[in-house]
Each structure stands twice: as C-alpha cells, then as structure tokens.
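Chain by chain, the residues:
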Amino acid sequence: MNVLILSSSDKVYSAALQLLGICGNHRALRAETVQQAKVLIGQREFGAGVVYADVRDAGYREVCLLLAENCVGTVYVPRADEETPYELYDRGVVVAERPLTKTTLFIALRSALGIAYGYEKLREENSRLKERMEALRTVSRAKCILAYRGMTEEQAHREIERRAMNERRTKTDIAKEIIEADDLQ
C-alpha cells in the first residue's frame with residue numbers, strides 16, 4: 001500500500017517510516033510541501049497518509065481532506081497552536097494530538113491503516129458483487145431469449161443449468177453463448 005507522508009521534518013518522516021515498517025509492507029512517498037503532496041495525490045493512489053503540519057498553512061488541512069475524499073486512512077498532526085480540527089474528524093481523519101510522541105503517532109497510524117484496510121476490503125467486496133450482478137443479468141437475459149422461443153422460465157433455467165453441467169462450463173458462459181446466437185439471428 002502506498003502511504004503519503006507530508007512533513008518537512010526529517011525526524012517525523014524517519015519516525016513514520018520506522019512505524020510503517022512495524023505495521024507491514026508499505027511504500028512511503030514523501031512530500032515536503034503542500035504543493036508536492038497535491039502533485040503526488042494527483043499522480044498516485046494512496047492507502048494512507050500522514051500529514052504533519054509544521055508551518056501555518058491551511059493547505060495541510062486541504063491535503064487531509066483530499067486524502068479523505070479518496071477514502072484513505074489519514075493521520076493529521078496539527079500545530080501546537082492550532083484550533084481543534086473538527087471538520088477533519090467528521091471526514092474520518094485520525095488526529096494525533098500534540099505533543100507528538102512515537103507512541104501517539106503509532107496509535108494514530110495503526111488506526112488510519114485499519115481504516116484503509118477496511119476500505120480496501122469493501123472495495124474488493126463491491127467488485128465481487130458487481131461481477132455477480134452482471135452474471136445474473138446475463139443469465140436472466142438468456143432466460144428471456146429462451147422464454148421468447150417458447151420455454152417457461154423454469155424450463156429456460158433448467159436448460160442453462162443442464163448445458164453448463166454437461167459441458168462443464170459456467171452458467172454465465174452458456175448464457176453468453178445463447179445471447180450471441182440470438183444476436184446473429
């Protein structure tokens with residue numbers, strides 16, 4: 001998983017790298033400025049992000065919101081004098097309060113990675129469900145074609161199943177064949 005680390009502090013960057021190593025196999029990309037971070041976000045997909053606000057710049061929060069829009073687990077470390085960033089909490093951003101220690105950064109990073117892993121599992125499940133829906137649509141269309149030719153829905157269903165079992169193929173493959181043959185007529 002790609003992880004964006006936005007920080008001009010070498011100390012914070014190396015601590016985040018070390019903690020990422022503990023958390024698993026992740027590829028860290030560093031941005032030292034808000035502008036660099038925006039460019040990287042436009043070029044790559046990130047599973048998580050660490051944004052360390054080291055100067056007074058509203059762009060740090062903007063980067064957090066950009067990452068959060070992509071359903072990414074993001075850690076935000078505000079400046080010591082910064083007001084509590086409630087709008088970030090509402091978008092699912094994990095805020096690590098100051099003073100920043102390795103322990104607080106580790107806890108925040110693990111939380112953000114947990115969010116990212118959960119999101120990735122949901123994306124995979126969504127993809128499987130879309131494939132399943134498409135297969136069901138294809139089989140339904142083939143049943144309609146067979147019904148138009150004089151079969152009942154039950155007979156069409158059994159015909160597709162019978163052919164799939166006899167030919168050791170999926171019902172979707174048989175349905176596609178029926179649809180293609182109908183398109184040729």
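Look a little higher up for the structure.
What you are looking at is a predicted structure, and each value in this text was computed from that prediction instead of being measured.

Student: Got a minute to help me understand the packing of helix H5 (residues 102–148) against helix H6 (residues 153–167) in this structure?
Tutor: A pair of packed helices is characterised by two quantities: the angle between their axes and the separation of those axes. Running from amino to carboxyl end, H5 crosses H6 at an angle of 120°, the nearest separation of the two axes being 9 Å. On the basis of the axis angle, H5 is oblique to H6. In this structure, H5 crosses over H6, and the sense of that crossing is right-handed. Along the contact surface, H5 presents Val139, Ala142, Lys143 and Leu146, while H6 presents Glu153, Ala156, His157, Glu159 and Ile160. In the contact of H5 with H6, the residues fall into five nonpolar, one polar and three charged.

Student: Help me understand the packing of aromatic side chains in this model?
Tutor: Aromatic ring pairs are defined here through the distance separating the ring centres and the angle between the ring planes. Enumeration over the complete set of coordinates arrives at one aromatic pair. Cation over ring: Arg30 sits above Tyr13, and NZ or CZ is 4.5 Å from the ring centre.

Student: Which parts of the structure should I look at to understand helix H3 (residues 59–69)?
Tutor: Quick reminder: α-helices carry 3.6 residues per turn. Residues three or four places apart thus point the same way. Burial analysis of H3 places eight of its 11 residues in the buried class, the great majority of the element. Among the residues of H3, those classed as buried are Gly59, Tyr60, Arg61, Val63, Cys64, Leu65, Leu67 and Ala68. In this fold, the buried residues of H3 make contact with strand S1 (2–6), helix H2 (34–43), strand S3 (48–52), strand S4 (73–77) and helix H4 (86–90).

Cut-offs and rules
- Residues numbered from 1 in each chain as written.
- Predicted model: local features only at pLDDT ≥ 70, side-chain atom pairs only at ≥ 80, totals over all residues.
- Heavy atoms only, no water.
- Axes fitted to C-alpha atoms, helices over the stretch in contact; angles between N-to-C directions.
- Helix = DSSP H or I, 4+ residues; strand = E, 2+ residues; numbered from the N terminus.
- Parallel < 35°, antiparallel > 145°, perpendicular 65-115°, else oblique.
- Left-handed = near helix turned anticlockwise from the far one by under 90°.
- Contact = heavy atoms within 4.5 Å.
- Nonpolar A, V, L, I, M, F, W, Y, C, P; charged D, E, K, R; others polar.
- Phe/Tyr/Trp six-rings, centres within 6.5 Å; stacked < 30°, edge-to-face > 60°.
- Lys NZ or Arg CZ within 6 Å of the ring centre and 35° of its normal.
- Buried < 20%, exposed > 50% of the residue type's maximum accessible area, 1.4 Å probe, protein only.

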